[in-house]
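Spelled out, the chains give:
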Amino acid sequence: MVVSDTEGFIGALRAQSQRYHSRHPFHAMMNEGRLSRRQIQGWVANRFYYQENIPRKDAAILANCPDREVRRRWIRRIHDHDGTADGEGGIEAWLRLGEAAGLTREEMWDERHVVPGVRFAVDAYVTFARTRPWVEAVASSLTELFAPDLMAERLAAFERFYTWIDPAGLAYFRARLTQAPRDSEHALEVVMEHCRTPDEQARAVAALSFKSDVLWSMLDAIDRAYPGSSQQGNA
Ligand code: AHQ
């Protein structure tokens, strides 16, 4: 079996992170404290659609995965987001982030603020996990691997610039500081184990490129729907 060099493969995966969505102008404005209340609310309400679909994406991977060892660890992601009882989990924490930002649970659950570009990007991600080989869907989650400081930088920005949000509402980001590295370490192990040939490795890189486009497209759609005051002049 042809085994490409591991370093070259990780380098190719990392190169995808150069297009990482943390470089998107909307995230840049967020981290510089330049977003308005309405822009923050629009981002939280639209990202809720992404968060509530993550467990279904992960369940699709479980359904397609024949490896019990992988399933044993992958299922933790569903518990992280759904929790195991009322009041627990990432989806609940995101609802509390929304409430702290002035949104109601109802307007997040009923998706009234979800813009077409976000819906299409998120639905494409879930469909990708349902229809592509399970290892490619695992590889697509590696966008979290190369941005460990993304969440820490965002948390610091919210605490510093968006003090009108009750800090208790930021619990979601704090939980991701430990969950995301744990999850992506497992995903990288799986991808390294199962992507040995140049073709398998090329498809893993393509899956990560697709997922970077999913995240980028979401931010384009949110940015367009919630322009900042400085942008309104040329909207
Ligand atoms: O909050 C995020 C999250 O729960 C997940 C799950 C993971 C996946 O399975 O694809 N990806 C992901 C991401 C979350 N937050 C995004 C952000 O910018 O806040 C980043 C996103 C990702 O990197 O894929």
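If you're wondering where the values come from, they're calculated on a predicted model, not measured in any experiment.

For the pair helix H3 (residues 37-64) and helix H7 (residues 116-131), interaxial distance at closest approach is 8 Å and the crossing angle is 10°. Compared by their axis directions, H3 and H7 come out roughly parallel. Mapping the contact onto sequence places Asn46, Tyr49, Tyr50, Asn53, Ile54, Arg56, Lys57, Ala60, Ile61 and Asn64 in H3 and Val118, Arg119, Val122, Asp123, Tyr125, Val126, Ala129 and Arg130 in H7.

This part is about helix H10 (residues 171-194). With 24 residues, H10 should cover 34 Å at 1.5 Å per step; its first-to-last C-alpha distance of 34 Å lies within 8% of that length. Of all the bends in H10, the greatest, near 35°, is centred on leucine 177, and the proline proline 181 appears no more than four residues after it. Three or more residues of H10 are buried, namely Tyr172, Phe173, Arg176, Gln179, Ala180, Asp183, Ser184, His186, Ala187, Leu188, Val190 and Val191.

What follows covers the layout of surface pockets. Of the pockets and cavities examined, the largest pocket occupies roughly 480 Å³. Taken together, 34 residues line the largest pocket, and the ones lying closest to its centre are Tyr20, Tyr50, Glu144, Met151 and Arg176. Elements that contribute at least two residues to the lining of the largest pocket include exactly H3, helix H4 (68-82), helix H9 (148-161), H10 and helix H11 (198-225). Top contributing element to the lining of the largest pocket by residue count: H10, with 8 residues. Considered class by class, the residues forming the lining of the largest pocket number 18 nonpolar, 7 polar and 9 charged.

Any aromatic ring pair is given by two values, namely how distant the centres are and how the planes are angled relative to each other. Scanning all chains against the criterion turns up 12 aromatic pairs. Residues tryptophan 43 and tryptophan 94 carry aromatic rings whose centres are separated by 5.5 Å and whose planes lie at 55° to one another, so their mutual orientation is tilted. Taken together, the residues tryptophan 43 in helix H3 and tryptophan 94 in helix H5 (residues 90-100) connect sequence positions 51 residues apart. Of the two residues examined, tryptophan 43 and tryptophan 94, each falls in the buried class. On the basis of an interplanar angle of 70° and a centroid distance of 6.5 Å, the ring pair of phenylalanine 161 and tyrosine 162 is categorised as edge-to-face. Judged by its relative accessible area of 30%, phenylalanine 161 is partly exposed.

Criteria and thresholds
Residues numbered from 1 in each chain as written. Predicted model: local features only at pLDDT ≥ 70, side-chain atom pairs only at ≥ 80, totals over all residues. Heavy atoms only, no water. Axes fitted to C-alpha atoms, helices over the stretch in contact; angles between N-to-C directions. Helix = DSSP H or I, 4+ residues; strand = E, 2+ residues; numbered from the N terminus. Parallel < 35°, antiparallel > 145°, perpendicular 65-115°, else oblique. Contact = heavy atoms within 4.5 Å. Expected span 1.5 Å × (residues − 1). Bend = angle between axes of the 7 residues up to and from the residue. Buried < 20%, exposed > 50% of the residue type's maximum accessible area, 1.4 Å probe, protein only. 1 Å grid on protein atoms, 1.4 Å probe; cavity = no way out; pocket = protein on both sides within 12 Å on 5 of 7 lines; lining within 4 Å. Points joined across faces, edges and corners; volume = space filled by probe spheres on them. Nonpolar A, V, L, I, M, F, W, Y, C, P; charged D, E, K, R; others polar. Phe/Tyr/Trp six-rings, centres within 6.5 Å; stacked < 30°, edge-to-face > 60°.

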